[in-house]
Amino acid sequence: MSRFYTEEHTQFIKENVKGTPFKELTEMFNKKFNTNKSVGTISAFCTRNKLSNGLNAQFKKGHKSWNKGVKGIYIPGSEKGWFETGNKPINTRKIGSTLEGTDGYILVKVKDKGNRSEMWRPKHELIWEEVNGTKPDNHVILFADGDKRNFDLDNLVLVKRSELLKMNKQKLIYGDTELTKVGLSIVKIQERLREVEG
């Protein structure tokens with residue numbers, strides 16, 4: 001029993017819970033004991049103490065909702081604010097627009113429809129693909145100097161995801177383009193040695 005409920009409170013709820021909706025039980029409880037408990041509080045007390053009112057609040061099969069088929073609330077005169085087919089919100093961005101993603105990468109809008117990853121592509125990938133073709137699966141384009149604003153083609157390096165994982169584990173990614181490329185070479189040599197010894 002909770003310290004917020006006396007024995008008399010508990011007994012009252014036990015005697016009145018069966019067949020009584022929680023809203024009604026709460027009103028009865030508050031009136032009898034001059035309290036201001038919420039429906040959620042009384043309902044939670046009953047749940048904790050395994051007291052059921054035995055009522056099923058689910059809609060019965062075949063029940064028709066009063067608002068079935070209603071699309072929003074219609075207020076006469078509000079039509080002037082409705083979008084017409086083909087209209088776009090004022091904050092719609094044009095294809096070619098850029099924004100900064102949550103991970104700090106610059107994204108470029110490439111399509112108007114689709115999911116976010118189809119509509120927005122990382123700028124560094126687009127720059128790399130313009131010269132080298134489509135990025136292969138299971139590969140990423142790495143900023144060799146760690147600067148996500150340095151879009152120089154020499155700074156954009158294609159690496160396998162497995163290579164990137166090993167470079168991270170061995171701390172072979174530096175703030176210097178050439179050192180990071182050496183780190184990638186080390187990982188490639190390690191992988192090749194494993195294949196030969198394998």
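One structure accompanies this document, and this report is about it. Quick caveat: nothing in here was measured; it's all calculated off a predicted structure.

Structural notes on the nonpolar core
Grouped together as the largest cluster of nonpolar side chains are 11 residues: Tyr-5, Phe-12, Ile-13, Val-17, Leu-25, Phe-29, Phe-33, Ile-42, Phe-45, Cys-46 and Leu-51. Those elements that provide at least two residues to this core are α1 (7-16), α2 (22-33) and α3 (39-48). Once residues lying within four places of it in the same chain are set aside, the contact partners of Leu-51 are Ile-13, Lys-14, Val-17, Phe-45 and Cys-46. Judged by nonpolar contacts, the second largest core, of 10 residues, contains Leu-142, Val-159, Leu-172 and Val-187.

Observations regarding α2
In this model, α2 (12 residues) spans 16 Å end to end at C-alpha, consistent with the 16 Å of a helix rising 1.5 Å per residue. Among all positions in α2, only Leu-25, Thr-26, Phe-29, Asn-30 and Phe-33 are buried. Summarising the axial view, the buried residues of α2 lie within an arc of 130°, below the 170-degree limit, and thus occupy one face. Facing away from the buried side of α2, by more than 90 degrees, are the exposed residues Lys-23, Lys-31 and Lys-32. Looking at the packing, one finds that the buried side of α2 touches α1 and α3. Positive phi shows up at Asn-34, right after α2, with a value of about 55°.

Focus on the side chain of Glu-191
Positionally, Glu-191 belongs in helix α7 (residues 177-197). Residue class for Glu-191 comes out buried when judged on its relative accessible area of 13%. In this structure Glu-191 touches Lys-160, Ser-162, Glu-163 and Lys-166, once residues within four positions along its chain are discounted.

A closer look at the environment of Ala-144
Mapping Ala-144 onto the fold places it in the loop between β4 (139-143) and β5 (156-160). Considering only alpha carbons, one finds Ala-144 and Tyr-174, 30 residues apart in sequence, at a separation of 7.4 Å. Contact partners of Ala-144, with chain neighbours within four places excluded, come to Asn-155, Val-157, Tyr-174, Asp-176, Thr-177 and Thr-180.

Section: the packing of α2 against α3
At a minimum axis separation of 9 Å, α2 and α3 run at an interaxial angle of 105°. Viewed along their axes, α2 and α3 adopt a mutual orientation that is roughly perpendicular. When α2 is examined against α3, the residues Phe-22, Lys-23, Leu-25, Thr-26 and Phe-29 are found in contact with a partner set consisting of Val-39, Ile-42, Ser-43 and Cys-46. Grouping the constituent residues of the contact of α2 with α3 by class yields 6 nonpolar, 2 polar and 1 charged.

What to know about helix α5 (residues 123-132)
Those residues of α5 that sit buried are His-124, Glu-125, Trp-128 and Glu-129. Down the axis of α5, the sector holding all buried residues measures 125°, keeping them to one side. Set apart from the buried face of α5 by more than 90 degrees, the exposed residues are Glu-130 and Val-131. Tucked into the core, α5 has its buried residues touching β3 (120-122), β4 and β5.

Brief notes about the layout of surface pockets
Within this model, the largest pocket holds a volume of roughly 190 Å³. Mapped onto the lining of the largest pocket, the elements with two or more residues apiece are α5 and β4. Here the lining of the largest pocket takes 3 residues from β4, the largest share from any one element. Classifying every residue of the lining of the largest pocket gives 5 nonpolar, 4 polar and 5 charged.

Rules used throughout
- Residues numbered from 1 in each chain as written.
- Predicted model: local features only at pLDDT ≥ 70, side-chain atom pairs only at ≥ 80, totals over all residues.
- Heavy atoms only, no water.
- Core = buried A, V, L, I, M, F, W, Y, C linked by side-chain atoms within 4.5 Å.
- Buried < 20%, exposed > 50% of the residue type's maximum accessible area, 1.4 Å probe, protein only.
- Helix = DSSP H or I, 4+ residues; strand = E, 2+ residues; numbered from the N terminus.
- Contact = heavy atoms within 4.5 Å.
- Expected span 1.5 Å × (residues − 1).
- Arc of directions from axis to C-beta.
- Axes fitted to C-alpha atoms, helices over the stretch in contact; angles between N-to-C directions.
- Parallel < 35°, antiparallel > 145°, perpendicular 65-115°, else oblique.
- Nonpolar A, V, L, I, M, F, W, Y, C, P; charged D, E, K, R; others polar.
- 1 Å grid on protein atoms, 1.4 Å probe; cavity = no way out; pocket = protein on both sides within 12 Å on 5 of 7 lines; lining within 4 Å.
- Points joined across faces, edges and corners; volume = space filled by probe spheres on them.

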